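# Architecture and fold: a report
Here are the chains, one letter per residue:
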Amino acid sequence: MSEKTLILNASAEPLSFISVRRAVVLVLKEKAEIIEGHRKKRIRSATCELPYPLVVRLVNYVRIPRRWRSVVPNPIRFTRDQHTCQYCGRTSLELGRKERLTREHVVPISRGGTNTWENVATACSTCNHRKGNRLLKEANMRLLNRPREPKFVAIVLLGQAAAGAQRRYIEPFLGKEKHRATVGVPA
Ligand SMILES: [Zn+2]
């Protein structure tokens, strides 16, 4: 039983998981509607009774701010890069005791690089130090994968496991295989 509600945009694009309580508030304010409720469980209040919301859909479409998309928090980027140094290919589990995964700017900030998805990669502290303030060519280093901006839906759902009823709403957007790979849902 999931304790989180999957919230979809009005376009049915999956946005995020929110608390059941918050979902109920949105429904009572008529800002969202329940499109998948628990078969048996119900929510009861003094004035009404609702199905326990597994999936809700916003009544009005919300635009996802570009600014939000360009922010690349470390845990999400590490997940995108599968917790692997994009230079030496070692995972966080294979690093030495004094090593750690870091944020690496492909084009260093001091050389005009930015904080966008395309310019930040996960690198172990050793590789990051080795590359230093140089461009890839100068350092004679290569990235294992070109850093890209994941789809919005992938960003918010990375690392979050969804219940079966919720997966049906996520997978059409991500593709079944990709969703399994990103959230680690057992096949
Ligand atoms: Zn490395």
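What comes next is a walk through the structure. In this text the structure is predicted, and so the values were computed from the model without any measurement. (Residues numbered from 1 in each chain as written. Predicted model: local features only at pLDDT ≥ 70, side-chain atom pairs only at ≥ 80, totals over all residues. Heavy atoms only, no water.)

### Re the coordination of the zinc ion
Listed as protein donors to the zinc ion are Cys85 (SG), Cys88 (SG), Cys124 (SG) and Cys127 (SG); their distances from the metal cover 2.3 Å. Geometry at the zinc ion is tetrahedral, judged from its four donor atoms and the angles of 101 to 119° they form at the metal. Read from N- to C-terminus, the donor residues coordinating the zinc ion fall into the pattern C-x2-C-x35-C-x2-C. Using a relative accessible area of 0% as the deciding quantity, one classes Cys85 as buried. For Cys88, a relative accessible area of 36% corresponds to the partly exposed category. (Donors = N, O, S within 2.8 Å, 3.2 Å for Na, K, Ca; no water. Tetrahedral: all angles 85-135°; square planar, octahedral: opposite > 155°, others 65-115°. Buried < 20%, exposed > 50% of the residue type's maximum accessible area, 1.4 Å probe, protein only.)

### Considering the nonpolar core
The biggest cluster of nonpolar side chains holds 13 residues, and the ones touching the most others in it are Ile7, Ile18, Leu26, Val27, Ala32, Val56 and Leu58. Of all the secondary structure elements, the ones that give two or more residues to this core are strand S2 (14-19), helix H1 (20-28) and strand S4 (49-58). Excluding anything up to four places from it in sequence, Ala32 contacts Leu26, Val27, Val56, Arg57, Leu58 and Val59. With 10 residues, the next largest nonpolar core counts Phe78, Cys85, Leu95 and Ala123 among its residues. (Core = buried A, V, L, I, M, F, W, Y, C linked by side-chain atoms within 4.5 Å. Helix = DSSP H or I, 4+ residues; strand = E, 2+ residues; numbered from the N terminus. Contact = heavy atoms within 4.5 Å.)

### Structural notes on the pairing of strand S3 (residues 32-44)
On any regular strand, side chains alternate: one points to one face of the sheet, the next to the other face. Here S3 runs beside S4; their pairing, made up of eight bridges, is antiparallel. In the sheet register, Gly37 faces S4, and the bridge partner there is Pro53. Linkage of S3 to S4, two consecutive antiparallel strands, is achieved through a turn of four residues. (Pairing = 2+ DSSP bridges.)

### Re H1
Residue pairs spaced three or four apart in an α-helix point in one direction, given the helix's 3.6 residues per turn. Along H1, the positions that sit buried rather than exposed are Val20, Ala23, Val24, Leu26 and Val27. Around the axis of H1, the buried residues are gathered within 160° of arc, so they sit on the same side. Those residues of H1 that are buried are in contact with strand S1 (4-8), S2, S3 and S4. Downstream of H1 by one or two residues, Glu30 has phi in the positive range, about 60°. (Arc of directions from axis to C-beta.)

### Considerations on the sheet that holds S2
Across the sheet, which stays open at both edges, the four strands sit in the order S2-S1-S4-S3 with mixed pairing between neighbours. Every other strand in the sheet has two partners, leaving S2 and S3 as the edge strands with one partner each. Across the sheet, the mean angle separating the axes of adjacent strands is 35° when strand polarity is ignored. In this structure, S1 lies alongside S4, joined through three bridges in parallel fashion. Bridge assignment links Leu6 to a residue of S4, and that residue is Val55. Sitting on the sheet, H1 touches S1, S2, S3 and S4, and the angle it makes with S4 is about 85°. (Axes fitted to C-alpha atoms, helices over the stretch in contact; angles between N-to-C directions.)

### A few points about the packing of aromatic side chains
Considering all chains together, one arrives at zero aromatic pairs under this definition. The ring of Tyr52 has Lys41 lying over it, and the distance from NZ or CZ to the ring centre is 4.3 Å. (Phe/Tyr/Trp six-rings, centres within 6.5 Å; stacked < 30°, edge-to-face > 60°. Lys NZ or Arg CZ within 6 Å of the ring centre and 35° of its normal.)

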